[in-house]
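# Report on the structure
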Amino acid sequence: MPQTSPNPTMKVSSRGANRLKEGHVWVYRSDIVSADGIPPGAVVTVTDPRGKPLGSALYSSASQIAIRLISREPITDFPGVVRQRIADAIAYREPIVHNTDAYRLIFSEADFLPGLIVDRYRDILSLQILTQAWDSDSLRQALISELNARLKPESIVERVDPRVRELEKLPARPSGLVHGSKTATVITMNGVQFHYDGLEGQKTGAFLDQRENYAAAAQYAHGDALDVFCYQGAFALHLAPPCAQVTAVDSSRPALEVADQNAILNRREPTQPEIEWIEANAFDLLKDYAASGHQYDTVVLDPPAFAKTKRDLDAALRGYKELNLRALKMLRPGGILVTCSCSYHVSQADLLGTLAAAALDAHKTVRILELRGQSRDHPILLNVPETSYLKCVIAHVSN
Ligand code: SAH
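Being a predicted model, the structure only gives us computed values, none of them experimental. (Residues numbered from 1 in each chain as written. Predicted model: local features only at pLDDT ≥ 70, side-chain atom pairs only at ≥ 80, totals over all residues. Heavy atoms only, no water.)

### Describing the domain arrangement of the protein chain
- Per the domain assignment, the segments of the protein chain are domain 1 (9–71), domain 2 (78–186) and domain 3 (207–398).
- Contacts between domain 1 and domain 3 engage seven residues on the former and four residues on the latter.
- Both sides together, the interface formed by domain 1 and domain 3 hides about 370 Å², and carbon and sulfur atoms give 59% of it.
- Broken down residue by residue, the surface that domain 1 buries against domain 3 is led by Gly23, His24 and Trp26, which jointly contribute 69%.
- Our count for the domain 1 to domain 3 interface comes out at zero salt bridges.
- Counting across the interface, domain 1 meets domain 3 through two residue pairs in polar contact (both at pLDDT 80 or more). (Domains from an automatic or database assignment. Contact = heavy atoms within 4.5 Å. Buried area = accessible area lost by both parts, 1.4 Å probe. Salt bridge = Lys/Arg side-chain N within 4 Å of Asp/Glu carboxyl O. Polar contact = N/O pair within 3.5 Å; in protein donor to acceptor, adjacent residues only side chain to side chain.)

### Side note on the packing of aromatic side chains
- For the structure shown, the criterion picks out eight aromatic pairs.
- The interplanar angle of 80° and the centroid separation of 6.5 Å between the aromatic rings of tryptophan 26 and tyrosine 28 together place this pair among those described as edge-to-face.
- Note on phenylalanine 207 and tyrosine 231: the rings are 4.9 Å apart at their centroids and 90° apart in plane angle, and the pair reads as edge-to-face. Here the residue phenylalanine 207 occupies a position in the loop between strand E12 (192–197) and helix H5 (211–220), and tyrosine 231 occupies one in the loop between strand E13 (223–228) and helix H6 (234–239), the gap between them amounting to 24 residues. (Phe/Tyr/Trp six-rings, centres within 6.5 Å; stacked < 30°, edge-to-face > 60°. Helix = DSSP H or I, 4+ residues; strand = E, 2+ residues; numbered from the N terminus.)

### So, the side chain of aspartate 48
- Assignment of secondary structure puts aspartate 48 in the loop between strand E3 (43–47) and strand E4 (53–59).
- An unpaired buried charge is present at aspartate 48: no salt bridge exists, and lysine 21, the closest side chain of opposite charge, is 4.2 Å distant.
- Only 2.9 Å separates the side chain of aspartate 48 from the backbone nitrogen of arginine 50, close enough to count as a polar contact.
- Excluding residues that lie within four positions of it along the chain, aspartate 48 makes contacts with Lys11, Val12, Ala17, Lys21 and Leu54. (Buried < 20%, exposed > 50% of the residue type's maximum accessible area, 1.4 Å probe, protein only. Lys, Arg positive; Asp, Glu negative; His and termini not counted.)

Here's what the structure looks like:
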């Protein structure tokens, strides 16, 4: 790995210093005393206003989050720290990841590798770089060879979010292979198989953060099921074995085409119901179905993030309320509602409050069976609330 020491020093305001002392790892641009002469993406030694060192961080010249701490000790051997962090991330997951060959291996701040995401899809690793520091050729190469040495994947693909590169003022680059030649494989989560294409789809290809919630939902699912915002069918495929009939809805045709291929991949049991895939706007479809008296025993709501920023919160809550109200109205007594939000700005309390309001309007009794979050391979760092974003409520619904 490349050598980056000696590191430049970056002084932060007392507010910035307090934030770090309280366990957070970010300092905003407004709390940087001076960044003069510090190159984009540098590893810096952070100090308080009096010059007392607070640790080492990665600097971004573009982001409002000017620095992200990688160590509470000043470090000189950055490459050595990265190697250790990768080893720690792998070791953290060994006892907690079961029954899957697809999971998140490195989750940015939560693994003290801020701005770096690595997902494992069986024999393919998917890499995402979200800040300037990881984009230098030497560090990228070092990272790729370390992942190769430790995990021996068939290939590694880099997923590029063009918007992120723009915000970080990094030159545009397409997604593509950075090692090996294989871009597609089949993964197995909770015994259910999925086609995976490293260069297609949303996120890094699948919603791995919902993996444990798929299995949890299947424990309660029964009767006629509706999976709303189904993407490539992960909830629907998990609901099929215990259910009599499954309908799944998404507005994305490419996602539904993969979903249908996934259904074929899993059609081993002749008694397993066929899944009906519907391409539609979920809001319109739920409105029509509720109006025409459709009824279900299990409904899953897993919409995209409605609140991308704090300002969107009110509109987002109205969206969640509408969806949950319609779902509650369509559930038969004894029904199961699985309702999710992946917006960081929508708290668990917000989601429960919205569900409570919807329950009142729908004249339903709702009992909470489970309050869940993201799978454990997406750890929540307690003092960094931004690492916690996914909420999943499983509820029993009666009249
Ligand atoms: N439940 C899925 C993830 C859903 S992500 C899983 O676990 O894999 C959100 C999905 O909502 C995306 O697939 C997106 O295509 C879809 N979507 C976004 N807006 C929509 C709308 N108005 N109606 C229907 N689907 C929509």
